[in-house]
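# Summary of structural features
Take a look at the letters that make up each chain.
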Amino acid sequence: MDREIILADFQACTGIDDIAEAITLLELNNWDLVAAINGVIPQENGILQRRVNQVQAVPAAPPAAPAASSSSSSSSSAFCPALPSRHIVERQPRMLNFRVEYRQRTVEVVIEEGSVIGEIKQILETELQVPVSKMQLKGWKSGDLSDSIVLQSLHLPKNNSLYVLTPEITPTASTSQNSVLQESLNQNFLLVISHREAQRDYNLNFPGSRTIQEVKRNVSDLINIPVRHQQWEGWPASASDSMTLAASGISYPCHHLGVCRRSSPANTREPTEECADVHMVSDSEGDDFEDASEFGVDESEMFGMGTSTGSRKAPLMPENTENEVDALMHFTAEFTTRYGECHPVFFIGTLEAASQEAFYGKARDRKLLAIYLHNDESVLGNVFCSQMMCADSIVSYLSQNFITWAWDVTKEANKARLLTMCTRHFGSVVAQTIRTYKTDQFPLLLIVMGKRTSNEVLNVIQGNTTVDELMMRLMGAMEIFTAQQQEDIKDEDEREAREMVKREQDEAYQLSLEADRKKREAQEREQAEQLRLQQIQKEADDEKEAIRLSLEHALPPEPADEGGEPISKLRIRTPSGEFLVRRFLGSTKLKVLFDFVASKGYPWEDFKLLTTFPRRNITQLDPASSLLEAKLFPQETLFLEAKE
């Protein structure tokens, strides 16, 4: 169905006007309209009932609703009229279901979407008798989350699976099996999923904590088949959609599955049988070698070299392929078809990407690169693959310690392309080494170790070997790599320590520069302020000096001792202890006396002029009165005092 129609129906049924919010809710439910509406609007009688090929409307639906739901393509509009109108106006709180696994127990938690993660832990504390402080709630898609995060902000689907870890609580003997399960939850599973209709295989990595339901939802985006229309093969009989991959019983590290679209009721039987036939053929192909060896078939026929009229097996890699990723996906799928699901996990990507993954990470994370070169024309190919490459010990050892990359050199064009890639990444010596091996010496397993300046081929393992010899040579290469890795780790730690010291020194230097800069700026500001104050003081002093000089020039001349008018002789003591002595006419105004004192640097605004006895403040008298009127005649001793 067109997603625009689904979006319009979803908004009409739920009353959500925000398009972004509506799209987010639909994507969480893989554009399953029924599931999305059930997640937003809980029904009084449970979730909306869905069948394989039709949608059953609720009783309140108008008569036209059943006709609209006759086919799955129009199911989205069939049930919308059936929803009670009050659900569109009054939105009830959305409830989330959590299936929480802890050791040998499973707890079902139903909680409102507006709650926080800490409330889930409080419920689990009551159920599991585990303190919240010692509990780690794992399985969130976005990693570890704090207890204060609101569930609604995570945009979770209605059904979720989590698990609890308690590293501070030592498990008892009864929890040993659950410890294995918890360890599996942290492992990655490679699911090789074959889409029957498109005849295409997908290699997908999922953590063990992912549920089967979540895997189906992710796959629906790739194959464009909703979960409710998917028909699967390969899941264990006891597995349910709510189980995690770790607990479902699938093969580790790789498991093969098949998926196709579920047919309509009229045609259910025939497509199902077709899918079953395909599955049966693939199962029987994996037993060809064993059956031939048991019944003494001729050696040339057993290794695929005969000229029998039987159908020739498909090549591991198509000729002249343009895309290396598609070629390797084809190689992995065909290898699985021939030799079974237990085989090394082949890296899906270019040789350069495999080298980057193996050699150029942190020293502790680096691995050896194992390059498997297959040739269908070699009589050793089937034996090496079925008995060596698919042995449990070899598969486990390669998966843990190697990045395994594969290529088929049966066709000359593919071989030439491989030599070009090897020359580019490892040099001409490796390419020339591969050229020297004859067809009957294949398959080859090249063990490559990354070094500081170049990549080195540690070992070339030919097809004429045994499982024990292969394991010994892999372990020998691993010992060399481990010794080199320890040196690289030491060098890397020392380099990081040096870089950390350098960073700390640089930070300290920058802080010192910043402190010096601030100190210099403070000094500059202080100097500028001092200069400003000095300038202001200088201007004030210049102004005072100008006033003093003008007052000094404006004073009348000092009269002589002998004259016709009365003379007043005044002695004025300054704050420094000096005396100012001058004669004035008795008729001289007090202002002239004040100006005389000011001309000597003692302005009457700042100083007061006092008599000795009786004590009088002359500056408070009228400046226009004369010395005679102020009784400063014929002589008087005065003293200056600064005003407060």
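Reading the values: rules and limits
- Residues numbered from 1 in each chain as written.
- Predicted model: local features only at pLDDT ≥ 70, side-chain atom pairs only at ≥ 80, totals over all residues.
- Heavy atoms only, no water.
- Buried < 20%, exposed > 50% of the residue type's maximum accessible area, 1.4 Å probe, protein only.
- Helix = DSSP H or I, 4+ residues; strand = E, 2+ residues; numbered from the N terminus.
- Polar contact = N/O pair within 3.5 Å; in protein donor to acceptor, adjacent residues only side chain to side chain.
- Pairing = 2+ DSSP bridges.
- Axes fitted to C-alpha atoms, helices over the stretch in contact; angles between N-to-C directions.
- Contact = heavy atoms within 4.5 Å.
- Core = buried A, V, L, I, M, F, W, Y, C linked by side-chain atoms within 4.5 Å.
- Phe/Tyr/Trp six-rings, centres within 6.5 Å; stacked < 30°, edge-to-face > 60°.
- Lys NZ or Arg CZ within 6 Å of the ring centre and 35° of its normal.
- Salt bridge = Lys/Arg side-chain N within 4 Å of Asp/Glu carboxyl O.
- pLDDT = per-residue confidence, 0-100.
- Expected span 1.5 Å × (residues − 1).

## A closer look at helix 3 (residues 33-40)
Counting buried positions along helix 3 yields eight of eight residues, so the element is predominantly enclosed. For helix 3, the set of buried residues is Leu33, Val34, Ala35, Ala36, Ile37, Asn38, Gly39 and Val40. Near the N-terminus of helix 3, the side chain that reaches the backbone nitrogen of valine 34, with its oxygen 3.3 Å away, is that of aspartate 32.

## Digging into unusual backbone geometry
Put simply, tyrosine 252 and proline 253 share a cis peptide bond, and its omega is 10°. Within the element layout of this structure, proline 253 appears in the loop between helix 10 (245-248) and strand 8 (254-261). Along the chain, phenylalanine 633 connects to proline 634 via a cis peptide bond; the corresponding omega equals -5°. Locating proline 634 in the fold gives a position in the loop between strand 15 (607-611) and strand 16 (635-642). A positive phi is found at glutamine 129, a non-glycine position, where the angle reads about 60°. Assignment of secondary structure puts glutamine 129 in the loop between helix 7 (117-128) and strand 3 (136-138).

## Digging into the sheet that holds strand 5 (residues 188-195)
Strand order in the open sheet formed by four strands is 6-5-8-7, and the pairing between neighbours is mixed. At either margin of the open sheet sits one strand with a lone partner, and together these are strand 6 (200-207) and strand 7 (230-233). Shown here is a sheet whose adjacent strand axes are inclined to one another by a mean of 30°, direction ignored. One ladder, built from four bridges, connects strand 7 with strand 8; its direction is antiparallel. Bridge assignment links glutamine 230 to a residue of strand 8, and that residue is arginine 261. Contacts from helix 9 (residues 212-223) reach strand 5, strand 6, strand 7 and strand 8, with the element oriented near 145° to strand 6. Its contacts with the sheet place helix 14 (residues 324-339) against strand 6 and strand 8, and it is angled at close to 90° to strand 6.

## Thoughts on the nonpolar core
The biggest cluster of nonpolar side chains holds 58 residues, and the ones touching the most others in it are Phe335, Leu369, Trp405 and Leu474. Beyond its immediate stretch of four places on either side in the chain, leucine 369 contacts Leu351, Ala354, Ser355, Ala358, Phe359, Ile403, Trp405, Phe426, Leu446, Ile447 and Val448. Within the second largest apolar cluster, 20 residues are counted, among which are Ile572, Leu580, Val597 and Leu627.

## Describing the packing of aromatic side chains
Enumeration according to the criterion identifies 16 aromatic pairs in this entry. Pairing phenylalanine 331 with tyrosine 372 gives two aromatic rings, centres 6.5 Å apart and planes at 70°, and the pair type is edge-to-face. Pair noted here: phenylalanine 331 is in helix 14 and tyrosine 372 is in strand 9 (residues 368-374), with a separation of 41 residues, a long-range link. There is no split in this pair, since phenylalanine 331 and tyrosine 372 are both buried. Linked through ring pairs, Phe331, Phe335, Tyr339, Phe346, Tyr372 and Phe384 together constitute an aromatic cluster. The ring of phenylalanine 579 carries arginine 571 above its face, with NZ or CZ at 4.5 Å from the centroid. The side chain of arginine 582 reaches across the aromatic face of phenylalanine 584, ending 4.9 Å from its centre.

## Looking at the environment of serine 133
Counting through the fold element by element, serine 133 comes out in the loop between helix 7 and strand 3. With a relative accessible area of 66%, serine 133 lands in the exposed category. Residues serine 133 and glutamate 168, 35 residues apart in the sequence, show an inter-C-alpha distance of 9.9 Å.

## Thoughts on the pattern of salt bridges
The final tally for this structure, using the stated rule, is 27 salt bridges. Ionic pairing is found between arginine 99 and glutamate 101, a salt bridge with its closest N-O pair at 3.9 Å. Glutamate 529 is the salt-bridge partner of arginine 532, the closest N and O atoms lying 2.5 Å from each other. Of the two residues, arginine 532 and glutamate 529 are both situated in helix 20 (residues 467-554); the distance of three residues between them amounts to about one turn of the helix. Accessibility expressed as a relative area gives 42% for arginine 532, which makes it partly exposed.

## So, the environment of glutamate 456
Structurally, the position occupied by glutamate 456 is in strand 12 (residues 455-461). When residues no more than four places from it in sequence are discounted, the contact partners of glutamate 456 are Ile447, Val448, Met449 and Lys451.

## Considerations on the pairing of strand 9
Successive residues of a regular strand alternate their side chains across the two faces of the sheet. Within strand 9, seven of the seven residues are buried, leaving the element largely enclosed by the surrounding structure. Alternating positions in strand 9 separate into two faces, Leu368, Ala370, Tyr372 and His374 on one and Leu369, Ile371 and Leu373 on the other, with burial throughout. When strand 9 meets strand 10 (residues 402-408), the two strands line up parallel, connected through seven bridges. Bridge pairing links alanine 370 to threonine 404 in strand 10. Inspection of the sheet shows strand 9 paired to strand 11 (residues 444-450) by five bridges, in the antiparallel sense. Each bridged residue has a counterpart across the sheet, and for isoleucine 371 the counterpart in strand 11 is leucine 446.

## Regarding the confidence of the model for the protein
Across the protein, the average pLDDT comes to 79, with 82% of residues at or above 70. Below pLDDT 50 for its whole length, residues 43-90 participates in 64 contacts with residues either more than four positions away or in separate chains. Throughout residues 265-311 the model reports pLDDT below 50, and contacts reaching past four residues in sequence, or to other chains, amount to 35 contacts.

## Observations concerning helix 14
When the terminal C-alpha atoms of helix 14 are compared, their 22 Å separation across 16 residues agrees well with the 22 Å that a helix rising 1.5 Å per residue should span. With respect to burial, helix 14 is a largely interior element, twelve of its 16 residues being buried. Glu324, Ala327, Leu328, Met329, Phe331, Thr332, Ala333, Glu334, Phe335, Thr336, Arg338 and Tyr339 are the residues of helix 14 that are buried. Of the residues flanking the start of helix 14, the one acting as N-cap is asparagine 323, its side-chain oxygen 2.8 Å from the backbone nitrogen of valine 325. Immediately beyond the C-terminal end of helix 14, within one or two residues, lies glycine 340, with a positive phi of roughly 100°.

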